[in-house]
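Summary of the model geometry
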Amino acid sequence: MSLKGKRILIAKPGLDGHDVGAKIITLALRDAGADVIYTGLRKSPDYIARVAADEDVDAVGLSILSGSHHTLLAQTLDELAKLGAANIGVFIGGTIAPQDTQALLEMGALGVFTSEMSLNDTLSALEAALS
Amino acid sequence: MESPPRLSNRRALSRALTRASRASVADCLAAVASSPHDPATRIGITGPPGAGKSTLIARLAATRLEARARMAVLAIDPTSPISRGSILGDRIRMDTVAEHPGLYIRSIPSRNAHDGLADNICEMLMVLDKHGFDEVILETVGVGQADYEIRNLVDTVVLVLVPESGDAVQAMKAGILETADIYVVNKCDCAGAEQMLHDIRSVVDYRHVEPGEWRPPVLSASITDDSIAELDEAINAHSLWRDDHNDADLHRRARLRYHVESLMSRRVAELFDEARSDLLQRPIREVYAELARKLGEVL
Ligand SMILES: Nc1nc2c(ncn2[C@@H]2O[C@H](COP(=O)(O)OP(=O)(O)OP(=O)(O)O)[C@@H](O)[C@H]2O)c(=O)[nH]1
Ligand SMILES: [Mg+2]
């Protein structure tokens, strides 16, 4: 498995203050060969989109525990498009109810990775989505 | 809502930097030939891991943006030799200034470079030159005692040290401690800062300086005070000094030499990657001759 040469931004939108999950995926991506940038806590979708565009990442991962994933995904995709960066994919991780996954994919998420998935499955799925 | 970015073609710039960072040696050579732009003023910030370089850059950039419209920060972090991945953690320290519309920050993995810089850093700096920044700040990876190549890329080298780097200073005496233009003892809110300041001053201040030569200041700094104004002024003073005293031709040649050396070492790496797997079964003279022959082919 290799994400070598891929640039990935891990972002934490929303108000919850737990970033253990974000840090675990950051390390796992680095170990899979990716160059990973982490934004830190409580960032707005327009801030995240601007960092993603400036850093020219291949994908942004939104780590969301607060339940507002539909809104945050929609806003992030919207802001990316405004910046001429609609080619940057957005994936979602965190606590997401199974019935929400399909809706998020239809909205344009590159992937939805719940905390129940193994890290290996997450990384393989991401690699497939980015290749 | 923040005001719209003053850098109009931000997205184009960020794509161009990606292309430059990934360009083969042949593509780099083609790009150099077609773009002679005046270089932006460049400040290099270097020093041991965790010395507070990124935090300092955030404050410095905020101050210098008061007098400048467009600034860029290129921040390099190390590539893991095992996974070849990286965590680019400099930006998170620059949160306080990251939303300034005139500032562009880019995080860069060092990849194969072992000198505190990154593969194709010359090409990336040239992209910034083309986009007309007033000033560029370059952060090296946390460096050891012998990584002073940054000197060849920037106009002013700032070496950031911390109280706990006491032993490192001993080791550095003969290396980078002779080549910085400005010394900053950072984290002066921590114990041991006075001793550190004294140690560095004893090395730097007692060095013989010819009349007209630059005498590097040794500053103290900390996030808890307004020391950044002093650093800002020291950088301006060094720029003024350079305008009158710097040997521009010598500097240009040093930059050119560094650029050619980096291209050649990258080309050697490319040749190893392309070589047949039995190349390294052969005696060293043959391997050398084979690579030298291939290097001789014009790209
Ligand atoms: N006490 C104290 N801590 C500081 C100061 N400046 C930075 N730090 C802390 O030092 C740590 C490292 O800061 P960075 O700015 O990331 O240091 P760096 O030199 O860029 O680190 P690398 O890029 O990893 O080599 C962080 O936890 C900062 O909060 C300071 O003036 N005083
Ligand atoms: Mg740093």
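Before reading further, recall that the structure is shown in the block above.
Because the structure is predicted, anything quoted here is derived from the model rather than measured. (Residues numbered from 1 in each chain as written. Chains lettered and ligands numbered in written order. Predicted model: local features only at pLDDT ≥ 70, side-chain atom pairs only at ≥ 80, totals over all residues. Heavy atoms only, no water.)

1. As for the coordination of the magnesium ion (ligand 2)
Residues and elements named next belong to chain B.
- For the magnesium ion (ligand 2), the full set of protein donor atoms is S54 (OG), D90 (OD) and E139 (OE), and the range of their distances to it is 2.0 to 2.1 Å.
- Here the donor residues of the magnesium ion (ligand 2) are spaced in sequence according to S-x35-D-x48-E. Taken together, the positions of S54 in helix α3 (residues 53–64) and E139 in strand β5 (residues 135–139) put the pair 85 residues apart, joining distant regions of the chain. (Donors = N, O, S within 2.8 Å, 3.2 Å for Na, K, Ca; no water. Helix = DSSP H or I, 4+ residues; strand = E, 2+ residues; numbered from the N terminus.)

2. A closer look at unusual backbone geometry
- The backbone of R42 of chain A sits at a positive phi, close to 55°, despite the residue not being glycine.
- Here R42 of chain A is to be found in the loop between β2 (35–38) and α2 (45–55).
- If you check the backbone angles, K187 of chain B has positive phi at about 55° while not being a glycine.
- Locating K187 of chain B in the fold gives a position in the loop between β7 (182–185) and α6 (193–204).
- When its relative accessible area of 26% is taken as the criterion, K187 of chain B is described as partly exposed. (Buried < 20%, exposed > 50% of the residue type's maximum accessible area, 1.4 Å probe, protein only.)

3. Focus: the pattern of salt bridges
- Scanning all chains against the criterion turns up 30 salt bridges over all chains.
- The closest approach of N and O atoms between D31 of chain A and R30 of chain A, which form a salt bridge, is 2.9 Å.
- With a relative accessible area of 24%, R30 of chain A lands in the partly exposed category.
- For D56 of chain A, the salt bridge identified is with R11 of chain B, shortest N-O distance 3.1 Å. Of this pair, D56 of chain A sits in the loop between α2 and β3 (59–64) while R11 of chain B sits in helix α1 (residues 10–22), placing the two residues on different chains.
- Accessibility expressed as a relative area gives 7% for D56 of chain A, which makes it buried.
- The exposure class assigned to R11 of chain B is buried, which follows from its relative accessible area of 12%. (Salt bridge = Lys/Arg side-chain N within 4 Å of Asp/Glu carboxyl O.)

4. Considering the state of the cysteines
Residues and elements named next belong to chain B.
- A complete count under the given rule lists zero disulfides over all chains for this structure.
- We note that C122 lacks a disulfide partner, and the nearest cysteine sulfur, in C28, lies 8.9 Å from it.
- Since its relative accessible area comes to 8%, C122 is described here as buried.
- Looking at C190, it has no disulfide partner, and the nearest cysteine sulfur is the one in C188, 8.5 Å off.
- A relative accessible area of 32% places C190 in the partly exposed class. (Disulfide = S-S within 2.5 Å.)

5. Regarding the sheet that holds strand β6 (residues 156–161) of chain B
Residue and element names in this part refer to chain B.
- Across the sheet, which stays open at both edges, the seven strands sit in the order β4-β2-β5-β1-β6-β7-β8 with parallel pairing between neighbours. At either end of the open sheet lies a strand with only one pairing partner, and these are β4 (103–109) and β8 (218–220). This sheet shows a mean twist of 20° between the axes of neighbouring strands, independent of strand direction. (Pairing = 2+ DSSP bridges. Axes fitted to C-alpha atoms, helices over the stretch in contact; angles between N-to-C directions.)

6. Re helix α5 (residues 119–130) of chain A
Residues and elements named next belong to chain A.
- The terminal C-alpha atoms of α5, which comprises twelve residues, lie 16 Å apart, in line with the 16 Å expected from a rise of 1.5 Å per residue.
- Inspection of α5 places T122, L123, L126 and L130 among the buried residues, and these make up the whole buried set. All buried residues of α5 lie within an arc of 95° about the axis, which places them on one face of the element.
- The inward-facing, buried residues of α5 abut β1 (7–11), α1 (20–31), β3, β4 (89–94) and β5 (111–114). (Expected span 1.5 Å × (residues − 1). Arc of directions from axis to C-beta. Contact = heavy atoms within 4.5 Å.)

7. Observations concerning empty space enclosed by the protein
- A complete count under the given rule lists two cavities of 30 Å³ or more for this structure.
- In this structure, the largest cavity spans a volume of roughly 50 Å³.
- Lining the largest cavity are Y47, R50, V51 and D54 of chain A together with R10, R91, A98, E99, L103 and I105 of chain B.
- Elements that contribute at least two residues to the lining of the largest cavity include exactly α2 of chain A together with β4 of chain B.
- Here the lining of the largest cavity gets four residues from one element, more than from any other, and that element is α2 of chain A.
- Partitioning the lining of the largest cavity into residue classes produces five nonpolar, no polar and five charged.
- If you trace the second largest cavity, you find it lined by L56, V184, L219, S220, A221, S227, I228 and L231 of chain B.
- Breaking the lining of the second largest cavity down by element, the ones donating at least two residues are β8 and α7 (228–245) of chain B.
- Residue composition of the lining of the second largest cavity, grouped by class: six nonpolar, two polar and no charged. (1 Å grid on protein atoms, 1.4 Å probe; cavity = no way out; pocket = protein on both sides within 12 Å on 5 of 7 lines; lining within 4 Å. Points joined across faces, edges and corners; volume = space filled by probe spheres on them. Nonpolar A, V, L, I, M, F, W, Y, C, P; charged D, E, K, R; others polar.)

8. Quick notes on the interface of chain B and chain A
- Listed by partner, the interface residues are 27 residues for chain B and 31 residues for chain A.
- Carbon and sulfur atoms supply 42% of the area that chain B and chain A bury against each other, a total of about 2300 Å² over both sides.
- It is R11, I87 and R91 of chain B that lose the most area in chain B upon contact with chain A, and together they represent 26% of the buried surface on that side.
- Counting across the interface, chain B meets chain A through six salt bridges.
- Linking E55 of chain A and R91 of chain B is a salt bridge whose minimum nitrogen-to-oxygen distance equals 2.7 Å.
- Sorting the residues of the side of chain B that touches chain A by element identifies α1, β3 (86–88) and β4 of chain B as the ones contributing at least two each.
- When grouped by side-chain class, the residues that make up the side of chain B that touches chain A number nine nonpolar, eight polar and ten charged.
- With three bridges connecting them, β2 of chain A and β3 of chain B associate as parallel partners. (Buried area = accessible area lost by both parts, 1.4 Å probe.)

9. Brief notes about the sheet that holds β5 of chain A
- Overall, parallel pairing links the six strands, which are arranged β5(A)-β4(A)-β3(A)-β1(A)-β2(A)-β3(B) in an open sheet. Here the strands that pair on one side only, and so sit at the sheet edges, are β5 of chain A together with β3 of chain B. Strand-to-strand twist of the sheet, defined as the mean angle between neighbouring strand axes without regard to direction, takes the value 25°.

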